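Structural features, examined
Okay, here's what each chain looks like letter by letter:
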Amino acid sequence: MLVARAVGHLRDLGVNKVVARVPSARHREILMRIMGFSHGNALVKILPSTNEVPDKEISGISFKPLGEEGDGLVHENWLKMWEEAGVNSSLIKPEHENMTMNFITEARASLHYQTFAAIDMQTGLPVGSVSCQVHAGTAPSSLCPRTGAVWAVYVQPKFRRRGIATHLMKNIFRYFEELSLQEISLIYASDAGRCVYEGLGFSKLDVLVLDSLSLKSLLVPFIPQTTYTDELWARQWELQDMMDELRCATMRSGVEPHLCDCMLRALIDSVPYQIDAISAANKDAVTLACLKSVRKAHRTVFKKKKELLHALCSASGKGFSIKDLNTPQLMAAKFDRLSAHWEEFVVSCGYSPVWSWLCNMAQRPLSHTNSQLSDGSRSLTVLDLCCGVGLPGQTLRLMGFTGRLVGSDISKGMLNKAALRCCYDELYIADSQTTLCVPDSTVDVVVCSGSIELLDVASVLRVCHRALRPRAELWVSFQWHEETFQENPTEHQSITGLSREQIIHHLTNAGFNTLETLECPKAFVTPKPQPSTTAVRLCDIPYIFCRCTRL
């Protein structure tokens, strides 16, 4: 969270690349797995150099340090280096020459800046150069080794492959050792340059880079904005009491304590159909039986379905038409209002097949790792797209998933309730049609259930494809409608499902291979207003559940 906010601050300042030093393998894993950092094109070499091969003279070439008379050469070579690396000239600022000269002047005054040049002895003209200085650092020098920075390494094309760049770098090694520096860092511009540097002992080590693409797409994690009323505080204390009682009840039943507070909280906060699905998956029958008794003692058993359905209709009024929610702001505002009663909506509509499908998926070996979400692996990442109040993620936790769980939704109201479930590692406010809240190709499973029919299907699937690693899995549900069906149950909301053929076509076009589908004629029910009356009729909503892999 703190790193994300720091990076967000730098992004707001217009920074397009972040370089970080990490003190341990664990810090490196966190920045790479969660924040999207990579080793990128950063390299480091430890000083002093050992086992260095003595310099060989290069016929017709001499080497010497340059003062201010070489600053123009540095700017010229610096520009050529990036042009040859394929950088679009439109990205280079018009004032680049003044910027380079000012940078060199300041570095010479305070950071021991030095240029070394390779001179053609026949013409007396420079054919290559390199710049170096003491690195100002990514942290106070009391915490980091004294580091030298190398930049603008350039040799004219016709003089390459003669060892000139290597010779220039060795001049720098000696210069930095005289300054008692402990290491050298650089950013390479080409694979050819990388090969030269690695041959000189440079390696990835502990330097990580967040490049401009990741930086621009980075979102700051959602911070819950829940107002803790007396009623909500009382509920939180009651949940804690219920967790303690559940732990004691399982011990009295002869089961050793094995569930963490997060898992106990997820159990207490679960809705009935979730528990039924988890029980059917043979998960911890003794604990689930104890949960029922604890809930009964606290009178937190959900109302009967008919009572909840009445509350649903009262709270939702006339429902909504998707045509009226034609902007992200309108969609977010609508679901902010619905979030207060969302758990009741879910129970009244009977989402049992949805939870059963998720439980089943959690026990399937993943295509790209052959591990299951339910096997307790901490190395996997799941993105719950349009997570709502957090019920899909909570279901996966209850099935035993212990890895990184990220949720995103367009509604703050929904995310506030998801945060209270304490199941997600990170939550983000994001429009799932346009915004990806994690770095590209970093997710093992994307779950998108009960939402895609409200959105542009192709856009959502593109976001899912970006998120997933190659061969990683998408678990997605589609509202189903064939021409042969007697009615469209959501016609009053201007929502029409897709045929099986249309679903497969969308998935294929988005770059997915469909492994399996499950046709469910009644995923849940929804109230449909009747013409010329205040009565409503319950209509079955058919779904097709799909398991796919990213190609």
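For clarity, every value in this text was computed on a predicted model and none was experimentally measured.

**A closer look at the overall build of the protein chain**
Secondary structure assignment for the protein chain yields 19 helices and 15 strands. Taken across its 551 residues, the protein chain has 48% of its residues classed as buried. In the protein chain, of all internal contacts separated by at least 6 residues, the share reaching a separation of at least 24 is 73%. Accessible surface, the protein chain as shown: approximately 27,100 Å² in total, 53% of it carbon and sulfur.

**Here's the deal with the nonpolar core**
Within the largest apolar cluster, 100 residues are counted, with the highest numbers of intra-cluster contacts made by W355, L373, L383, L474, W475 and L507. If you tally residues by element for this core, the top one is helix α15 (residues 352-362), at seven residues. Contacts of W355, omitting those with residues within four sequence positions, involve V271, Y273, Q274, A277, V346, L391, P392 and T395. In terms of nonpolar packing, the next biggest core, distinct from the first, is built from 37 residues, F116, F159, A165 and Y188 among them.

**Re the confidence of the model for the protein chain**
For the protein chain, the average pLDDT comes to 84, and 86% of its residues sit at 70 or higher. Below a pLDDT of 50 lies the segment residues 213-217, which in the model reaches 10 contacts outside its immediate sequence neighbourhood of four places, other chains included.

**Things to note about the packing of helix α10 (residues 272-280) against helix α11 (residues 285-297)**
Look at α10 against α11: their axes get within 11 Å of each other, and the N-to-C directions meet at 160°. One element, α10, and the other, α11, form an angle in the roughly antiparallel class. Here α10 and α11 pass one another in a crossing that is left-handed. On the side of α10, the interface is formed by I275, I278 and S279, while α11 contributes L288, L291 and R295.

**Looking at the sheet that holds strand β14 (residues 512-529)**
The strand order across the open sheet built from seven strands is β11-β10-β9-β12-β13-β15-β14, with neighbouring strands paired in mixed fashion. Of all strands in the sheet, those with a lone pairing partner are β11 (426-429) and β14, marking the two edges. If you compare each strand with its neighbour and ignore which way they point, the axes differ by 15° on average. By the bridge criterion, five bridges tie strand β9 (residues 381-385) to strand β10 (residues 404-409) in an arrangement that is parallel. When the bridges of β10 are listed, D384 appears paired with G407. Across the sheet, helix α17 (residues 412-420) touches β10 and β11, and the angle it forms with β11 is around 175°.

**A few points about the pairing of strand β2 (residues 42-46)**
Along β2, four of the five residues are buried, which leaves the element largely enclosed by surrounding structure. Pairing between β2 and strand β7 (residues 183-187): five bridges, direction antiparallel. Residue pairing across strands places I46 opposite E183, the latter belonging to β7.

**Overview of the packing of aromatic side chains**
According to the stated counting rule, one finds 16 aromatic pairs in the structure shown. A centroid spacing of 5.1 Å and a plane angle of 75° characterise the contact between W480 and F485, whose relative ring orientation is edge-to-face. For F485, a relative accessible area of 27% corresponds to the partly exposed category. Among the aromatic residues, ring-to-ring pairing joins Y351, W355, W357, F524, Y543 and F545 into one connected group. A cation over a ring is seen here: K45 above F173, with NZ or CZ 4.9 Å from the ring centre.

Definitions and cut-offs
Residues numbered from 1 in each chain as written. Predicted model: local features only at pLDDT ≥ 70, side-chain atom pairs only at ≥ 80, totals over all residues. Heavy atoms only, no water. Helix = DSSP H or I, 4+ residues; strand = E, 2+ residues; numbered from the N terminus. Buried < 20%, exposed > 50% of the residue type's maximum accessible area, 1.4 Å probe, protein only. Contact = heavy atoms within 4.5 Å. Areas by Shrake-Rupley, 256 points an atom, 1.4 Å probe, with all protein chains shown as cover. Core = buried A, V, L, I, M, F, W, Y, C linked by side-chain atoms within 4.5 Å. pLDDT = per-residue confidence, 0-100. Axes fitted to C-alpha atoms, helices over the stretch in contact; angles between N-to-C directions. Parallel < 35°, antiparallel > 145°, perpendicular 65-115°, else oblique. Left-handed = near helix turned anticlockwise from the far one by under 90°. Pairing = 2+ DSSP bridges. Phe/Tyr/Trp six-rings, centres within 6.5 Å; stacked < 30°, edge-to-face > 60°. Lys NZ or Arg CZ within 6 Å of the ring centre and 35° of its normal.

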